[in-house]
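Letter by letter, the chains look like this.
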Amino acid sequence: MKMVSCATYEGIEAKVVHVESTLTKGLPSFSVVGMASASINEAKERVKSALLSNEFTFPPKRITINLAPSDVKKEGSQFDLSIALLIALDYLQDDLCEWFVFGELGLDGAVKENIQLYPLMLSLANQKIIKKAVVPFESLEKLSKIPDIEFYGVKRLDEAIELLKNSANALPNSSYKKIEYPSYIIDEEEYYFDETYIEDFLDVKGQEIAKRAALISAAGFHNLLLEGSPGCGKSMIAQRLRYILPPLSGDEILDIAKLDALDAKEPEFKPLRSYRAPHHSSTTASVFGGGSHKAKIGEVGLAHRGILFFDELPHFSRIVLEALREPLQDNKIRISRVNSKVEYPSDFLFVSAMNPCPCGNLLNEQKECRCSELEIQRYKNRLSDPFLDRIDLCVVMQQVSSNDKVTISSKEMHSQVIDVHKRARLRGQRRFTAKLSDEEIEKYCVLDSEAKDVLERAVERFALSFRSIKKIQKVSRTIADLDASDIIGKKHLLEALSYRRRS
């Protein structure tokens, strides 16, 4: 028996599959067993044609390919090359079990790229269970961004056969390529950032309170709700927020590239966080993921480490808004189906925008609101208190004026966010301030005596929940960091309280 390794998906993570082969005496046949999907069974014809095109003569034997473990459903064309090599090298005495082999075969023996290959390889690398792999040559440019793996790129099946025949002397033809962006190192971890601002806060005139809230939101990863009249700049601010978010580590950049690949996008390997903005008519399955047979990732999972933006927030279905409470609290999403149970990380910054009433003119001084009190109340009642309790910063946008001026650029704001990121990491924080645990709040969110008195009075006056208290402490911590202060003072706490949503 011969064996090489390959992989398939289990949720969004890779599951190692051992591809085994036996060629035994009997009526000539070719079968693949081990819960192989239709795409893998179709591989038999591609493998036959590719081997015959490379002057291989099929032995008059019974060929059995087993994909282990047999209780995991396998799919994808990445198994083609593994199957072909096991058949072609059946006579070889060398042990090939340490090799991972990936690639789709053309009928002429060409080794082609598979869109699933990059996220599979990255997942295997994160699990630290892969050292060297045979891959399509055209995939090397992307795969070379992944550290600690030796890649052997091949263009044709005959090259792969020769490579494994002389595996003891084989040399990798790809070396790790460092990410080429500005960076800094803290505690031996390198963080990268991009100083290209495709959409700049210079385009946003006025709205000083909203821009300040956006800066706090970006610096600490605090959830943000913008409320205001149509056209006052809510969506503009949300779109520009992406470019001033904190720097990314190398592993985080690779994770985002993996999500891009899962979303059928070409990975860019930029230190730019993802931005997902589903329409308010989106279904629950498209937002959270799902499927009857295979639980696919949704917008919440694809927004991991980036921004999830809900425009026209009250128009989203109540089911979607209430289901969003768990990922906002736990930073992960669980999907349970009869055939699969999957858990995705969903550590994102939630940004939302809404009008003050159905017609949008309630706060407008020039236009008359056409809504009745009942319509306004129904509109606002679409957002439950438990949902709103998970929002850190709530801002009512200012009236647009012809005298509004440009006051700050994205570059200046990003510089402040980077300074806050450095301060947090240097004091030992491994997570964003908004994501701190209760123990970490006690450790890092230290209030002076005046701030403690203000917080105690606020708890009594506003009947704050435990969650609200913790959120106010975390927002205060970010504001203090923007002020380069080690201790949270009274002014920091008062500013944090000013961003609470009024009933």
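All residue numbers refer to positions counted from 1 along the written sequence of the respective chain. Only residues with pLDDT of at least 70 get local features here, since the model is predicted, and only at 80 or more are side-chain atom pairs given and counted; chain-wide, interface and lining totals rely on the full set of residues. The side-chain numbers reported here are obtained from all heavy atoms of the structure, hydrogens and water having been left aside.

Asks: So what's going on with the nonpolar core? Residues and values would help.
Replies: Grouped together as the largest cluster of nonpolar side chains are 70 residues, with contacts concentrated most on Leu-81, Phe-102 and Met-121. What makes two residues a contact is simply this: any of their non-hydrogen atoms within 4.5 Å. Ignoring any residue separated from it by four or fewer positions in sequence, one finds Leu-81 in contact with Val-101, Phe-102, Gly-103, Leu-105, Val-111, Val-134, Val-154, Leu-157 and Ala-160. Working definition of a nonpolar core: buried Ala, Val, Leu, Ile, Met, Phe, Trp, Tyr and Cys residues. They are joined through side-chain atoms within 4.5 Å. Summary of the burial criterion: residues with accessible area below 20% of their type's maximum are buried, those above 50% are exposed, and those between are partly exposed, where the area comes from a 1.4 Å probe applied to protein chains only. Counting residues in hydrophobic clusters, the runner-up holds 53 residues, among them Phe-221, Ile-237, Leu-493 and Ala-496.

Asks: I'd love a proper account of the side chain of Gln-429, names of residues and values included.
Replies: Where helices and strands are cited, they refer to DSSP runs of H or I of at least four residues and of E of at least two residues respectively, numbered from the N terminus. Mapping Gln-429 onto the fold places it in the loop between α16 (410–426) and α17 (438–444). Within the structure, the side chain of Gln-429 is placed 3.0 Å from the backbone oxygen of Arg-431, a separation counted as a polar contact. Beyond its immediate stretch of four places on either side in the chain, Gln-429 contacts Ala-424, Leu-436 and Tyr-444. Residues adjacent in sequence count toward polar contacts only when both atoms are side-chain atoms; beyond that, a polar contact is any pair of N or O atoms within 3.5 Å, and within protein one must be able to donate a hydrogen and the other to accept it.

Asks: Can you break down the environment of Ala-214 residue by residue, with the values?
Replies: When you line up the elements, Ala-214 lands in helix α7 (residues 208–220). Note on Ala-214: relative accessible area 0%, which makes it buried. Sequence separation of Ala-214 and Ile-244 is 30 residues, and the distance between their C-alpha atoms is 9.4 Å. Once residues lying within four places of it in the same chain are set aside, the contact partners of Ala-214 are Phe-201, Leu-224, Ile-237, Leu-241 and Ile-244.

Asks: Hey, could you go over the sheet that holds strand β14 (residues 275–276) for me, with residue numbers and the actual values?
Replies: Pairing within the open sheet is parallel, and its five strands lie in the order β14-β15-β18-β12-β19. Across the chains shown, the open sheet's two edge strands, defined by having one partner strand only, are β14 and β19 (393–396). Two strands are counted as paired when DSSP detects at least two bridges linking them. In this sheet, strand β18 (residues 349–354) lies alongside strand β12 (residues 224–227) in parallel orientation, the contact comprising four bridges. In the sheet register, Glu-227 faces β18, and the bridge partner there is Met-354.

Asks: Could you give an account of a nonpolar patch on the surface, with specific residues and numbers?
Replies: Where nonpolar side chains cluster on the molecular surface, the patch consists of Leu-362, Leu-363 and Val-396 and spans about 220 Å² of accessible area. Mapped onto the secondary structure, Leu-362 falls in the loop between β18 and α14 (373–381). Among the residues examined, Leu-362 registers a relative accessible area of 35% and is labelled partly exposed. Patch building starts from residues that exceed 30% relative accessible area and form no salt bridge, then joins like charges within 9 Å and nonpolar side chains (Val, Leu, Ile, Met, Phe, Trp, Tyr) within 5 Å. For the accessible areas, the method is Shrake-Rupley and the probe is 1.4 Å, while residue cover comes only from the protein chains on display. Here, a salt bridge means any Lys or Arg side-chain nitrogen found within 4 Å of an Asp or Glu carboxyl oxygen.

Asks: Residues and numbers for the pattern of salt bridges, please.
Replies: If the charged atoms of two oppositely charged side chains come close together, the side chains can form a pair. Per the stated rule, a full pass over the model turns up 32 salt bridges. When the shortest N-O distance is used, the salt bridge between Glu-45 and Lys-48 registers 3.9 Å. Highlighted residues: Glu-45 and Lys-48, both in helix α2 (residues 43–53), separated by three residues, approximately one helical turn. Between Asp-263 and Lys-265 there is a salt bridge, and its shortest N-O distance comes to 3.7 Å. What makes Asp-263 partly exposed here is its relative accessible area of 26%. On the basis of relative accessible area, Lys-265 is assigned to the partly exposed category, the value being 43%. The structure contains a network of salt bridges with shared partners spanning Arg-423, Arg-427, Arg-477, Asp-481 and Asp-486.

Function cannot be inferred from these measures alone, as they are strictly geometric.
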